[in-house]
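Each chain is listed here by its residues.
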Amino acid sequence: MTEDWRDSQEILVMDGRIKVPYAWSAGEVGTTYLESLRDAERFLGTRCPVCGIVYHLPRMHCPDCFEACPEWVELESTGTLVTWTIARRPHPALSPLAPPFGFGVIRLDGADTGFLHLLYGFGVGSLRSGMRVEAVFARERTGSILDVSHFRPSREVV
Amino acid sequence: MERVAVIGVGMTQFARERPAETAADLVFEACTRALEDARLSIEDVDVVITGSNDFFDGRTISSMAVMDACGSYDKNVSTVEGDGTFGAAHALMRVLAGWGTVLYCAHHKGSESVMPLITNAMFDPIFERFLGIEAVTSAALQARAYMDRWGLDEETLALVSVKNHGNAFRNPVAQLPLETTVEDVMGSPYIADPLKRLDCAPVTDGAAAVILADREHARSAGSRAVRVRGVGYSCDAFHLGDRDLADPSALRDAAARAYRGAAIDDPARQIDLAEVSEVFGYMELMWCEGLGLCGPGEAGEMTASGRTARDGDIPVNVSGGCLSANPVLVSGLNRVIECVLQVRGEAGEHQVEGVRTAVAQGFNGPCGQSQCVWVLGGEE
Amino acid sequence: MVGVGMTVQRSSRRDVTGVELINEAVRAALSDAAMTRKDIDAVVIGNMDHFEGINYVDTWSVDGSGALGKPVMKMTTGGTTGTTVAMGAYYHVASGMFDRVLAIGWEKNSESDTTGAIITAFDPFWDRPTFGGAVAGLALEATQYMAETGASEEDAAYVAVRDRKNALNNPYAHLRMELTIQAIMETPYLAWPVKLGDMCPRTDGACALVFASEDVADDFPNPPAWVRGLADRHLWAYTSDPYVNQKVKGGTWFPAMEMATRELYDRVGITDPLEQFDVAELYLPYSFAGLRYMESLGFCERGGGPELVRSGATDMGGKCPVNPSGGVLSSNAIGATGLLRVAEAALQMQGRAGDRQVQGASLALATGFGGCYWSDEIVLGSEMPDVGRG
Ligand SMILES: [Zn+2]
C-alpha cells in the first residue's frame, strides 16, 4: 500500500437497522386514563392533595410534592391552545395524519397543566396561541392517546 | 472552584459526513489533539470520561465503541450519556475529588442515523411518542411560545442564523459557513412553523476532547491553562405542557449555580463572550436571557443592535455556533472549547480581543429541558 | 451511604410505568433516610437505553426521580451501569459540589427483547453479524474456563444453588428457590455448557441510594455505610479481545477485573480478601462467573475457584459469604443490578440486612460486571476511611 492509498479509495458503507420490539406498560394510572378516553370519551386528570394542581396528563405522584394523587378529576374536551406549530415535512414514520398537520400544547378546561396533541382541520394561517380548541375522538378506539384523533378550532358558542 | 483548569482541548474537523472515519477514529483524533495541546501523553492521564448515546450510535453500550480509542486502558473510566457540558462536568468532579488529570471526550456521527426517529424517542412512549413529535417540531412549539411572549417576529429570529453562519467563515473546523441574509432565511422552506430550514442546525459528524487538571498538574500548561470558575446544571419538567416553554427557568437556575461559584453577580458586565447551544436560531435569544446577558425579552433587540456580533460588546457564538456544526453531545463541549480558546487568545481568525471571562452552555432533552453552564477564565 | 430504597424485583411490573417504578424506589430511599425531595441536591440515574427504548432517560424521568428543578446526570455503561451510577454519585459528593445525592438504577426488561438489544452492543461490522447475545458470549468464557482449569458444570451449578438459596432470605428477590446441583444440571442447555439454571433472569426493578458527604452523614436515622475505595476498568471493545489477550499476548481472560482489583486493594489495604472481607455482593451474571471471578478478585489462586466455592467459604456462615441477597442469579433488572450490589453491601455494613445479614460484618466488596469483560469494584465499610483519593 502506498502512502496515499486512501485518496483513491471509495469508502464502503453498510446499511443496518436496529429492530427491538417494545411493549410499554401504561401502568394503573395510565390504564385508567386511556380506558376513560376509549370507553367514555372523557379526559381525566389527577389532583395533588398538597399543592392542589390538577395534572393532565395524570400522575400517580406529584412530581414536585412527591405525594400520591389518588383523586381523579373529570376534565372538559375543550381547552386553550398554549402554543402550536405546523409539521410541514414530518418523517413518514412519524405522521399519524397526512401532512401538513399541527402539534399543539393544549390546556383542557379544568386542568392546570397542558398536554401535547395533534391539530387538524384548521385553515392555514388561522392558528393562534390562546384560541379555543376541542377534541375530536377517533371512531375506532383502542386504548391509546390516538383515541383522540386530534384537536380542531372550537365550534362552541361562547 | 479554585482548583481546576482546562489544560488541553482538541476538536476534529466537523462535516456533514466523514465516512472514512468510524466514531472511534474521530475520538482518537480529538483525544490526540487534546493531548498534543496539553503537551501530555496518554500515560499522564489518570481518568477518562466518555460521552455517547446508544440511540445516536445505533449501539447498546455505545461507550464500548470508543474504549480503545479514548486511551482508557488500565485507567478508571466512566461514561456520561448526554451533552458534553454534562460529561465534562463529571470529569470536573473527578478532578475536584483528587484525581490530577482527567480526559473527557465525546463523539457524534449524525450521518449514520435518522435524526427525527431518534429524537422522537425522547418523548413518552405512552402519551407523546405516537403523535410523531420530535426535536424540530417540539422546538417549534417553544419558538412560538417565546415569540408570543415577547411579540417577536420571525425576522428577528432569523438574525441569529445570519450572524452565526457568517461567523463560521473564520472558524476552520466549522461545517457550514454561509453568506446569508434575513431574506434568505425567511425564504427557506418551513420545516415546522415558525422554524425554517436556515433556522435549524445541520447534521454533523465529529468529535472533541478536553483535559482537566488540578492546580499542580495545570502548572505544566503555564499560561495556557484556563481556570474553570463555575459549573452549574439544572433540569426543568419533562412534559411540554408542564413547562412554561417561553421561560428558560432551568437555564436561569443552572447559571445561578455556576455564577455563585464564579462570584459573578452582574453577568452582562462581567462576561466578555458567550458560546451557547443554539440548535435553532431562537434558542440563542432564549439562552442569552437565561444566562442573564440581557433582561427577559431583550435578546431580540440586543441581537438586532449588533451587540452579540463578533465586534459587539458581548459576542455570542463567534465560532459559528451549533448552526454551523451540530455534532449532538459534542456540541456543548465545543462551546466550552471555544471559550477556552478565546480566553487563551488562541482562537485564530475568530479571536475576540480581550476575552477574560467566557460562558458556555449546553443542554439535554426536548426544548432545552436540562441545562448546563460553564464559566471559564481568569480572575476578575 | 445513608439511605437505601429498592422495589420488589419481579419478572414483570405491568402495574407501573418506568417513571412510576423509579419513583417507588426513590420514595423508599428518601423515606429510609428520613428525607424529602427538597433535601436532595442532585440526581444520578442509569439504565440501558435499548431495553426500554427511551432516549434521554434523565430528562424523561424527572417526575419520578425527583430531579425537577435540580441537577440530573445520566450515566450508562451496560451491565456495569448500576455500579457506574454509584461511583458517579460518590464523585458528585466527593467533589464537594453536593452534599446529598440520589443514585438511581432501574430497568423494565419485560418491555423489550433483552437479547435483541444486547446483540447491538457489539461492532456492527466485525462482531454483530456473528454475536449470539449475552448467553452465547458467556458460554465462550465458560468453555475456555473449563478447558483451562478442569472445572466442571457441577462446580458452576454449586454457585447457582448457593445464590438462589440465599435469595430465600431476601424478600425483594425475583427468583427464590431451594434447588440441587442435580436440578440445575437437568435444566436445558442455552449454549453449552451454560444451562437455563446457570443464567440470571430478566427482571423489572429499581434501586435508589442516598449518598451523603462526611459533613452531613450524621444527620440521618441510620448509621452510614462508608465508601472505602473504588476502582474500575472498561478495557475492551471486541468479542475476541479476551481470547487475543490470553492466547496471543500471554495474558488472562479477565484482566479488567485484575487491574481494578490491584488498584482497589492497594488503596484500601487488602492483602487477603478472603480473610479481610466479611461479605461480598458480586455481579455474577451466570454461575461460572462465581468460580473465575473469585480468582480474579484474589480470593484464591487461578484455577482454585471450584475448590474455594465447594469448601463452603462463600456460603452463609462461611469465611466470606458471597451474595447473601441471592445476587444477579436471583434478580437482574440490568440497570439496577450493579446498584443493588452496592445497596446490599451498604445494608450489610449498616447491620440492616434482615434475614440475610452477615453478623458483625464491617468490610464488604461490591462489584459490577458488563460491557466486554468490564469490572467495577467498590469497598464499603462500617467505619469512615481515614483519607481517600478518588
Ligand atoms: Zn403537589
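Calculation notes
Residues numbered from 1 in each chain as written. Chains lettered and ligands numbered in written order. Predicted model: local features only at pLDDT ≥ 70, side-chain atom pairs only at ≥ 80, totals over all residues. Heavy atoms only, no water. Contact = heavy atoms within 4.5 Å. Buried area = accessible area lost by both parts, 1.4 Å probe. Salt bridge = Lys/Arg side-chain N within 4 Å of Asp/Glu carboxyl O. Polar contact = N/O pair within 3.5 Å; in protein donor to acceptor, adjacent residues only side chain to side chain. Helix = DSSP H or I, 4+ residues; strand = E, 2+ residues; numbered from the N terminus. Nonpolar A, V, L, I, M, F, W, Y, C, P; charged D, E, K, R; others polar. Buried < 20%, exposed > 50% of the residue type's maximum accessible area, 1.4 Å probe, protein only.

Undergrad: Which residues make up the interface of chain A and chain B, and what values go with them?
TA: Facing 36 residues of chain A, the contacting portion of chain B comprises 36 residues. Summed over both sides, the interface between chain A and chain B buries roughly 3100 Å², with carbon and sulfur atoms accounting for 69% of that surface. Among the residues of chain A in contact with chain B, A:Trp24, A:Leu94 and A:Leu116 are the three that bury the most area, contributing 21% of the side total. Applying the counting rule to chain A against chain B returns two salt bridges. A:Arg88 is paired through a salt bridge with B:Asp193; the nearest N and O atoms lie 2.5 Å apart. If you look at where chain A meets chain B, you find nine residue pairs in polar contact (both at pLDDT 80 or more). Those elements giving two or more residues to the side of chain A that touches chain B turn out to be helix H1 (27–40), strand E4 (78–87), strand E5 (101–108) and strand E6 (115–119) of chain A.

Undergrad: Summarise the interface of chain C and chain B; cite the residues concerned and give the values.
TA: Each partner contributes to the interface: chain C provides 57 residues, whereas chain B provides 57 residues. When the two sides are added together, the surface that chain C and chain B hide from each other amounts to roughly 4900 Å², 56% of it contributed by carbon and sulfur. When the area that chain C buries against chain B is broken down by residue, the three leading residues are C:Asn55, C:Tyr56 and C:Tyr91, summing to 14%. Counting the contacts that link chain C with chain B gives three salt bridges. The partner of C:Asp123 in a salt bridge is B:Arg59, and the shortest N-O contact between them spans 3.9 Å. Joining chain C to chain B, the criterion identifies 22 residue pairs in polar contact (both at pLDDT 80 or more). Secondary structure elements with two or more residues in the side of chain C that touches chain B: helix H2 (49–52), helix H3 (57–60), helix H4 (62–65), strand E3 (72–74), helix H5 (81–94), strand E8 (226–233) and helix H11 (255–268) of chain C. Considering each element in turn, the side of chain C that touches chain B owes the most residues, five residues, to H5(C). Class assignment for the residues of the side of chain C that touches chain B results in 27 nonpolar, 16 polar and 14 charged.

Undergrad: Outline the pattern of salt bridges, listing residues and values.
TA: For the coordinates displayed, the defined rule picks out 50 salt bridges over all chains. Where B:Asp253 meets B:Arg257, a salt bridge forms, and the shortest distance between an N and an O atom there is 3.3 Å. Separated by four residues within a single helix, B:Asp253 and B:Arg257 lie in helix H9 (residues 249–262), roughly one turn from each other. Residue class for B:Arg257 comes out partly exposed when judged on its relative accessible area of 25%. Residue C:Arg13 is joined to C:Glu24 by a salt bridge in which the shortest nitrogen-to-oxygen separation is 2.8 Å. Note that C:Arg13 is positioned in the loop between strand E1 (3–6) and helix H1 (18–32) and C:Glu24 in helix H1, a separation of eleven residues in sequence. Exposure remark for C:Arg13: the relative accessible area of 10% places this residue in the buried category. Judged by its relative accessible area of 25%, C:Glu24 is partly exposed.

Nothing here speaks to function; it is all geometry.
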